[in-house]
Protein chains: 2
Amino acid sequence: MGLVDKDGLTEREFLEQYRAGDYERPSVATDMVIFTVTEEEADSYRKLPEKELRVLLIRRGGHPFLGKWALPGGFVRPNETTEQAAVRELSEETGVEDVYLEQLYTFSDIGRDPRTWVISCSYMALINSDKLELRSGDDAADAAWFKVSYRPLREQKELNEDGFIKTQEYELQLSGEEELSAIVKRTTTAKTTSTGTDYEIVTNDGLAFDHAKIIAYAIERLRGKLNYTDIALHLMPKFFTLTELQQVYEVVMDKELLKAAFRRKVADLVTETDLYTENAGHRPSRLYRRNLEE
Amino acid sequence: MGLVDKDGLTEREFLEQYRAGDYERPSVATDMVIFTVTEEEADSYRKLPEKELRVLLIRRGGHPFLGKWALPGGFVRPNETTEQAAVRELSEETGVEDVYLEQLYTFSDIGRDPRTWVISCSYMALINSDKLELRSGDDAADAAWFKVSYRPLREQKELNEDGFIKTQEYELQLSGEEELSAIVKRTTTAKTTSTGTDYEIVTNDGLAFDHAKIIAYAIERLRGKLNYTDIALHLMPKFFTLTELQQVYEVVMDKELLKAAFRRKVADLVTETDLYTENAGHRPSRLYRRNLEE
DNA sequence: GCAATAGTGTCTTTTAGACATTATGTG
DNA sequence: CACATAATGTCTAAAAGACACTATTGC
């Protein structure tokens, strides 16, 4: 194009002479909330094992937050996208390559990293227990899977003339090598026409940075999507029973579901196979796989 | 805390001596997809005016993309969050202060800005027509509201042994001072356990940067949220009729809805008032406002 | 009275919730 | 045969879709 700007430059000329300004730039990092579902050891040979939702954390080996637990992540390098950075981190931390990956939210609070100006683009990854077994000796010094519990604590709503302020507090508990916990407060401020939501960490015991907030955000996203997408299937191995799938839903939602209704709801998401479980101490269960048709 | 790291430094000592590395950092910008719904002039005195979904664009006055239309936005400054930057931009471009604002997605493709490494954290804002009137002489040289049309063009799905690749193409048309158009392709790649989605601009006529993609993303988010949140009410003035609300749903979804069913669905989102429309050339319509109780 | 929209009634279909009943391999 | 889980049937309640009918105003 021959268009010239106010200095008489064409686009090519402009780009050749362009020098990035000296204004301050932030560092951009990715933080990964990597979920998986694992099985507890069964109490009895014929009882089904309990399932648990787990998240991967890494103990910090340096300042800041030395000794605290943090989400895996790292800085985005030149010539890579935030998603590529996330994939790279994921591969470094867990050794897995093909997983469900979804951008969550970009956190940019002032002072969220005491070192310098860091904006974090967070991602959620879902790994199934199959792949988890592939991950063996990982080099990340001190990585561990923590069992996740995320429950509403209290809720408050204040109405005023032309709106309301609603605060909901959730307790996040992470159990693994240590017991970590945090309380995250979500504040919804509504006026007649506008609405805004804000997350805030009320208390925090053992987690680095604002990672309690990021984990809370991830859980809410995961729960939300469970009901209207097939996202849960990314937490399943290639073949699974409907009971196992139901357990995954239950452990993520932290809520019991009725069997018959559940099966109707997921019917379109799965395809039945001719395979069955064996040696279970009770009636064998048909194995299903993800339905890729729809 | 008295913890010391491998160099024998406490956290405070570490932070005091910390110097941000020399590695390259990206610029971080925000881009705003600002939607509103406006009314066409009515053909006849008693016919209802048609509604249109509109998005605010700004004609670029310098390279790159000189003369093309771009989303309002700008760089995030030190000591402000991306959200604060978005609020600032919004206020500068439209003069409005209290609006619904939601973070959309962070775009970081290599080369998305030909000048330098720029990562964009995009936001969607919804403005009601009331507030729009407040905006008068805006100083942004060449800003204009473009009517939005976003329609599926074609869809293709290829099944292979352990997954599928689905591509959906959408045509984005923006009509205002000029006719802009773009085709955006969404590719969903599914393997047995993982799934990924990718957006790509196929053709682009008149829009700067990757903004066609951002607008497409915003429309999809808006459409998705319409069905399970009260987000549409942020496009409404303080008082509105249910027919007006239905028109907003219809123009956003690009789909006609049945009156009775629609009224049942939004019943909980609105509160009736004792006000009615007047001089309409037909039966007056009751005015509603957003329900803040629930 | 007519044009145009407002608002409601009701029938059918689908979906969700609740719970009971039958089925089956393993020790 | 008993245990524990698998799998399905059925009743009810709630939600969604479709369409028709009645109600009001301004000119």
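Refer to the preceding data block for the structure.
This write-up is about the structure you can find in this document. All figures in this text were calculated on a predicted structure; none of them were measured in a lab.

Counting residues at the interface gives 68 residues for chain A, matched by 68 residues for chain B. Contact between chain A and chain B buries roughly 5,900 Å² in total, counting both sides, with carbon and sulfur atoms accounting for 57%. The interface formed by chain A and chain B includes two salt bridges. D98(B) is paired through a salt bridge with K191(A); the nearest N and O atoms lie 3.2 Å apart. Where chain A touches chain B, the interface holds 34 residue pairs in polar contact (both at pLDDT 80 or more). Secondary structure elements with two or more residues in the side of chain A that touches chain B: helix 1 (11–17), strand 1 (27–39), helix 2 (82–94), strand 5 (100–107), strand 6 (118–127), strand 7 (143–160) and strand 8 (163–175) of chain A. Take the side of chain A that touches chain B: its biggest share by element is five residues, from strand 5 of chain A. Partitioning the side of chain A that touches chain B into residue classes produces 32 nonpolar, 17 polar and 19 charged.

To continue, consider the pattern of salt bridges. All names here are of chain A. The full count for this structure, using the stated rule, is 42 salt bridges over all chains. R112 is the partner of D31 in a salt bridge, and the nearest nitrogen-oxygen pair spans 3.6 Å. Taken together, the residues D31 in strand 1 and R112 in the loop between strand 5 and strand 6 connect sequence positions 81 residues apart. When its relative accessible area of 8% is taken as the criterion, D31 is described as buried. Across the pair E52 and K147 runs a salt bridge whose closest N-O atoms are separated by 3.8 Å. Note that E52 is positioned in strand 2 (residues 51–59) and K147 in strand 7, a separation of 95 residues in sequence.

Cut-offs applied
Residues numbered from 1 in each chain as written. Chains lettered and ligands numbered in written order. Predicted model: local features only at pLDDT ≥ 70, side-chain atom pairs only at ≥ 80, totals over all residues. Heavy atoms only, no water. Contact = heavy atoms within 4.5 Å. Buried area = accessible area lost by both parts, 1.4 Å probe. Salt bridge = Lys/Arg side-chain N within 4 Å of Asp/Glu carboxyl O. Polar contact = N/O pair within 3.5 Å; in protein donor to acceptor, adjacent residues only side chain to side chain. Helix = DSSP H or I, 4+ residues; strand = E, 2+ residues; numbered from the N terminus. Nonpolar A, V, L, I, M, F, W, Y, C, P; charged D, E, K, R; others polar. Buried < 20%, exposed > 50% of the residue type's maximum accessible area, 1.4 Å probe, protein only.

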